[in-house]
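A closer look at the structure
Residue-level listing of the chains:
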Amino acid sequence: MNTVRKIKIIINNGDDEIRKSQYQFIRNAMYAQYQGLNRCMGYLMSGYYANNMDIKSQGFKDHQKTITNSLYIFNDIEFGKGIDSKSSITQKVKKDFSTALKNGLAKGERTVTNYKRSFPLMTRGRDLKFSYGDNDEILINWVNKIQFKAITGNSKNSIELEHTLHKIINGDYKVGQSSLTFNKKNELILILTIAIPEVKGDEYKPVANRTLGVDLGLAFPVYMALNDITYIRKSLGSYNEFAKQKLQYKARRERLYKQLDSVKGGKGRKDKLKALDQFKEKEKNFAKTYNHFLSKKIVLFAIKNQCEYINLEKIDSSGLENRVLGLWTYYDLQKDIEYKAKLAGIKVRYVKAAYTSQRCSRCGDIEKENRQEQSKFVCKKCGLDINADYNASINIAQSTEFIK
Ligand SMILES: [Zn+2]
């Protein structure tokens, strides 16, 4: 499966003059490619019309065969050294021509591509060599001794991006034909094509030490993430649906008590007591059903992601009142998870709750100020800016401070 990622990059060179000339090299190469593309398409089209638009004719086939890197139309264009633009151009033009045919070129419903000056500069995948620098930055060595540095940013997407680039450096993912372009802010963008191997089957074959961290939070009753592939995450339920339900129950319960106070005795009182009992049962069942729903989803998620362990937070009693789920339902939820995980062959571990909301899951920095507001985590040190529950769930997944 091929997937595309856009990555902001800069040329990694401390010398102003060299850096300037390297950016110019890219712009010149883009311009040369643009000339080559339009000339090549024009050349292909001339053969198409010369052979009466008959793509099956011998004349057209022979004409197509002449479209190679040594075609005369390329002779006076100065292509970027080492980029292999001519091969990219001829392939691209042939592909765009056949697309135009499919879309009605012969009928006159389409014209062929007119390439713009800003057309991204195509580059072979093997010319992009990824590695880590001395400070763990991601470097990309390209042609003509040009080195790029990836700017991955601080959003939740950057965690996924860093992970993807890590897989490329490890050799798990291969890089395909990619391209370079400038965005509206004149920043250099690498449009990276990555071949990701297909994962097949739903079989549970746990990856050693892979752990699912489960955080019980405010905005989401459950937020979970993996310890190793940290961009894999999922939230379950919402505060609103749970809180709304709880409020409704609370109001109903208070109403029932009030009614009970108004009747002194006899059959009336008996009926009211019965109604109250039935209601309490219903309330209990709601929590039960909700826990069942959550625990099932959690364990299924752990199976799907081949987790060997599920980590849960051990919460001390002083923290309990902050929990949406309340004391006994939270306890019940944990028991439900334990039960279902055991059936699936997944081990449940409890970890210390300290710092899980203050630690940065990317750089490990622990600071009280790191968490600015309930829903947001912003790291003072590295700038990571993600959902607070998401950050906590990664910390829980990565924690090794186990509690019996
Ligand atoms: Zn950080």
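To start, this report covers the structure provided alongside it.

Thresholds applied
- Residues numbered from 1 in each chain as written.
- Predicted model: local features only at pLDDT ≥ 70, side-chain atom pairs only at ≥ 80, totals over all residues.
- Heavy atoms only, no water.
- Pairing = 2+ DSSP bridges.
- Helix = DSSP H or I, 4+ residues; strand = E, 2+ residues; numbered from the N terminus.
- Contact = heavy atoms within 4.5 Å.
- Donors = N, O, S within 2.8 Å, 3.2 Å for Na, K, Ca; no water.
- Tetrahedral: all angles 85-135°; square planar, octahedral: opposite > 155°, others 65-115°.
- Buried < 20%, exposed > 50% of the residue type's maximum accessible area, 1.4 Å probe, protein only.

Our focus in this paragraph is the sheet that holds strand β13 (residues 347-352). For sheets, the rule is that strands pair by backbone hydrogen bonds, running either parallel or antiparallel. Spatial strand order, β11-β10-β9-β12-β13-β16: six strands in an open sheet with mixed pairing. In this open sheet, the two edge strands, each paired with only one partner strand, are β11 (233-236) and β16 (402-403). Pairing analysis gives four bridges linking strand β10 (residues 222-226) to β11, with the strands arranged antiparallel. Within the sheet, the bridge partner assigned to Y223 lies in β11 and is S235.

Turning next to the environment of F220. Within the secondary structure layout, F220 lies in the loop between β9 (211-215) and β10. Taking C-alpha positions, F220 is 6.3 Å from S235, a pair spaced 15 residues apart along the chain. What F220 contacts, discounting residues up to four positions off in sequence, is S235, L236, G237, N387 and D389.

Around the zinc ion, the donor atoms from the protein are C360 (SG), C363 (SG), C379 (SG) and C382 (SG), and they sit 2.3 to 2.4 Å away. Seen from the zinc ion, its four donor atoms lie at angles of 107 to 113°, and the figure they make is tetrahedral. Along the chain, the residues that donate to the zinc ion are spaced as C-x2-C-x15-C-x2-C. Residue C363 is located in the loop between β13 and β14 (376-378), and its partner C379 is located in the loop between β14 and β15 (385-387); the two are separated by 16 residues in the primary sequence. Relative accessible area serves as the criterion here: at 34%, C363 is assigned to the partly exposed category.

Bringing the environment of A344 into the picture now. Mapped onto the elements of the fold, A344 is located in helix α7 (residues 327-344). Judged by its relative accessible area of 22%, A344 falls in the partly exposed class. Residues A344 and A397, spaced 53 residues apart in sequence, show a C-alpha to C-alpha distance of 19 Å. Residue contacts for A344: discarding those within four places in its chain leaves Y204, V299 and I303.

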